[in-house]
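# Coordinate inspection notes
For reference, the chains in residue letters:
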Amino acid sequence: MNPIHALPSYLEPEGVGSWGVFLQQVDRATSTLGELAYLVETLKRPKRILIVDIPIKLDDGRVAHFEGYRVQHNTSRGPGKGGVRFHQDVCLSEVMALAGWMSIKNAVIGVPFGGAKGGVRVDPRQLSEPELERLTRRYTSEIGIVIGPDKDIPAPDVNTNEKIMAWMMDTYSMMHGATSTAVVTGKPLSLGGSRGRRDATGRGVFVCGRTAAAKIGLPIAGARVCVQGFGNVGNAAARCFAEAGAKLIAVQTVEGTLHNPAGIDVAKLGAHQDARRPLGEFAGATLIPDAAFWEIESEFLIPAALENQVTAANAGRIRTRVLLEGANGPTTPEADDLLAANGIVVVPDVIANAGGVTVSYFEWVQDISSYFWTEEEVNGRLDKIMSDAFNGLWEAAAAARVTLRTAAFTLACRRILEARHLRGLYP
Ligand code: NAD
């Protein structure tokens, strides 16, 4: 087989993967559903799964095929909403789980969306920019039958960004013969993007961290922060913490792990990365073995890369006060139990990284009304929505004596299933 073709995900040996984790999280929360319990199976089956073949012409004239997905997990509360991931390991079960977490997150935060997610099984670093554009456009046209401003609205995720959202918006608009800015969020400002969207997920992670710290009497000034993943989410979260007086002491990326107990300059590391210089050449920190990252003592630990990073294998060695899930699904249920037993506050993904979808909601509202807000308005509303939602979860978790994750899933399952119950089953 041509090496540029990725293996279809149904040949993956790992079975249900992240989707299995999502199902366990639903199970842990559903004992209190009462009269809504008859609908719980709804959450254990995605509403709609689309698998597409994406053939593109490479620069050298050959044709390569890639597998793409769009999963709409649940649309009881509104149109589907969720990002698009380009990664060589993307597979159907991963996209199903990510779509499920979007349903929960949107219900927790109270934005009027269901949950969806998309992905293409590709290593985008292997493609030239024209090849990446052709891949994005063909993927968009293939999923064009299920997306739309009132059907399902994609956004950026791992290895996708504003430029890719612009190509998606243009492709969809060309297919429909009219410019449709509200079909995707996370667009450039000049195409109907929202002020504050780029940093929104990281800013929301910080708001949750600040609010959690206030609950346990932990000062932010001088707090030590470790971040895994220094992309859209990790970089912005680290910047917000640094602006509030905290100290970034370790950063792990796909290239390796940097450590400096005296503090890493976030802006300098960002500039180093933007210049595409190797991580190991960064002068302001030392490279340490990747496994050592999880043992560094800190006040805040922020996984902001991929799923299944905090597992039974490393959770027992983690020495932090607050684990803030910037990434989706970074912690397995077994690790959750170990962290809780060790008194570590875990702020789950479905609230911690909800700042992105909250400002995506603002962007969609602004596009539909063609009336754009200032950055202060965006950040102010984001801060209020996130801190109110966090405070509500904190109280619910304390009252029910459960973790924040179980409290979040309980609240979200109730909201989604109540909507389903009121709508009734079609036909
Ligand atoms: P990104 O592509 O901008 O950055 C990903 C970062 O993770 C990079 O620094 C990369 O080097 C690092 N990374 C990848 N694999 C790694 C590994 N095996 N070990 C260590 N580091 C690794 O992606 P992003 O948009 O910042 O997304 C990160 C996470 O946040 C994902 O779980 C995503 O689903 C979640 N998330 C993103 C958004 C958003 O608005 N972008 C919103 C909510 C949640």
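Looking now at the overall build of the protein chain. Secondary structure assignment for the protein chain yields 12 helices and 12 strands. Computed over its C-alpha atoms, the radius of gyration of the protein chain comes to 21 Å, within 12% of the 22 Å expected for a compact globule of 427 residues. Referenced to the eigenvectors of the C-alpha coordinate spread, the extents of the protein chain come out at roughly 60 × 55 × 50 Å. When each of the 427 residues of the protein chain is scored for burial, the buried share is 56%. For the protein chain, the proportion of contacts with a sequence separation of at least 24, taken over those separated by at least 6, is 70%.

Per the domain assignment, the segments of the protein chain are domain 1 (46-179) and domain 2 (200-352). For domain 1 versus domain 2, the separation of C-alpha centres amounts to 27 Å. On the side of domain 2, eight residues touch domain 1, which itself brings 12 residues to the contact. Of the roughly 840 Å² buried between domain 1 and domain 2, counting both surfaces, carbon and sulfur atoms make up 61%. The tally of links between domain 1 and domain 2 comes to one salt bridge. The shortest N-O distance in the salt bridge between glutamate 307 and arginine 85 comes to 2.7 Å. Our count for the domain 1 to domain 2 interface comes out at two residue pairs in polar contact (both at pLDDT 80 or more). Listed by contribution, the elements that provide at least two residues to the side of domain 1 that touches domain 2 are strand 3 (80-87) and helix 2 (92-109). In terms of residue class, the side of domain 1 that touches domain 2 is made up of six nonpolar, one polar and five charged.

Adjacent strands of a sheet pair through backbone hydrogen bonds, lying either parallel or antiparallel. Strand order across the open sheet formed by five strands is 1-2-4-3-5, with mixed pairing between neighbours. Both outer strands of the open sheet, strand 1 (48-57) and strand 5 (152-156), are each paired with one neighbouring strand and no more. Across the sheet, the mean angle from the axis of one strand to that of its neighbour is 25°, orientation sign disregarded. Together, strand 1, strand 2 (63-74), strand 3 and strand 4 (115-121) form the strand contacts of helix 3 (residues 129-143), whose direction differs from that of strand 1 by roughly 145°.

This paragraph deals with the packing of helix 1 (residues 18-29) against helix 8 (residues 333-341). The geometry of helix 1 relative to helix 8 is characterised by a closest axis approach of 10 Å and an angle of 55° between their N-to-C directions. Classified by the angle between their axes, helix 1 and helix 8 sit oblique to one another. Contacts from Val21, Gln24 and Arg28 in helix 1 reach Pro333, Glu334, Asp336 and Asp337 in helix 8. Here the contact of helix 1 with helix 8 is composed, by residue class, of two nonpolar, one polar and four charged.

In spatial order, the strands read 9-8-7-6-10-11-12; together these seven strands make up an open sheet with mixed pairing. Looking at the sheet topology across the chains shown, the edges are occupied by strand 9 (286-288) and strand 12 (345-347). Neighbour to neighbour, the strand axes of the sheet diverge by 20° on average, direction disregarded. The pairing of strand 10 (residues 300-303) with strand 11 (residues 322-324) spans two bridges and is classified as parallel. Looking across to strand 11, one finds that leucine 301 is bridged to leucine 323.

This part covers the side chain of asparagine 74. Relative to the helices and strands, asparagine 74 is located in strand 2. Within the structure, asparagine 74 has its side chain in polar contact with the backbone nitrogen of serine 76 (distance 2.8 Å). Setting aside residues no more than four positions away along its own chain, asparagine 74 makes contact with Thr42, Leu43, Ser103, Gly114, Gly115 and Ile416.

Once that is clear, we can look at the environment of alanine 97. Looking at the element boundaries, alanine 97 is found in helix 2. With a relative accessible area of 0%, alanine 97 lands in the buried category. On a C-alpha basis, the gap between alanine 97 and glutamate 418 in space is 21 Å, while along the polypeptide they are 321 residues apart. Those residues in contact with alanine 97 that sit more than four places away from it in its chain are Ser18, Trp19 and Phe22.

Within the fold, glycine 355 resides in helix 10 (residues 355-369). Separated by 28 residues in sequence, glycine 355 and aspartate 383 place their C-alpha atoms 8.6 Å apart. Glycine 355 has contacts with Ala200, Thr201, Gly204, Leu382 and Met386, leaving out every residue within four places of it along the chain.

What counts, and where the lines are drawn
- Residues numbered from 1 in each chain as written.
- Predicted model: local features only at pLDDT ≥ 70, side-chain atom pairs only at ≥ 80, totals over all residues.
- Heavy atoms only, no water.
- Helix = DSSP H or I, 4+ residues; strand = E, 2+ residues; numbered from the N terminus.
- Rg over C-alpha atoms; globule rule 2.2 N^0.38 Å.
- Buried < 20%, exposed > 50% of the residue type's maximum accessible area, 1.4 Å probe, protein only.
- Contact = heavy atoms within 4.5 Å.
- Domains from an automatic or database assignment.
- Buried area = accessible area lost by both parts, 1.4 Å probe.
- Salt bridge = Lys/Arg side-chain N within 4 Å of Asp/Glu carboxyl O.
- Polar contact = N/O pair within 3.5 Å; in protein donor to acceptor, adjacent residues only side chain to side chain.
- Nonpolar A, V, L, I, M, F, W, Y, C, P; charged D, E, K, R; others polar.
- Pairing = 2+ DSSP bridges.
- Axes fitted to C-alpha atoms, helices over the stretch in contact; angles between N-to-C directions.
- Parallel < 35°, antiparallel > 145°, perpendicular 65-115°, else oblique.

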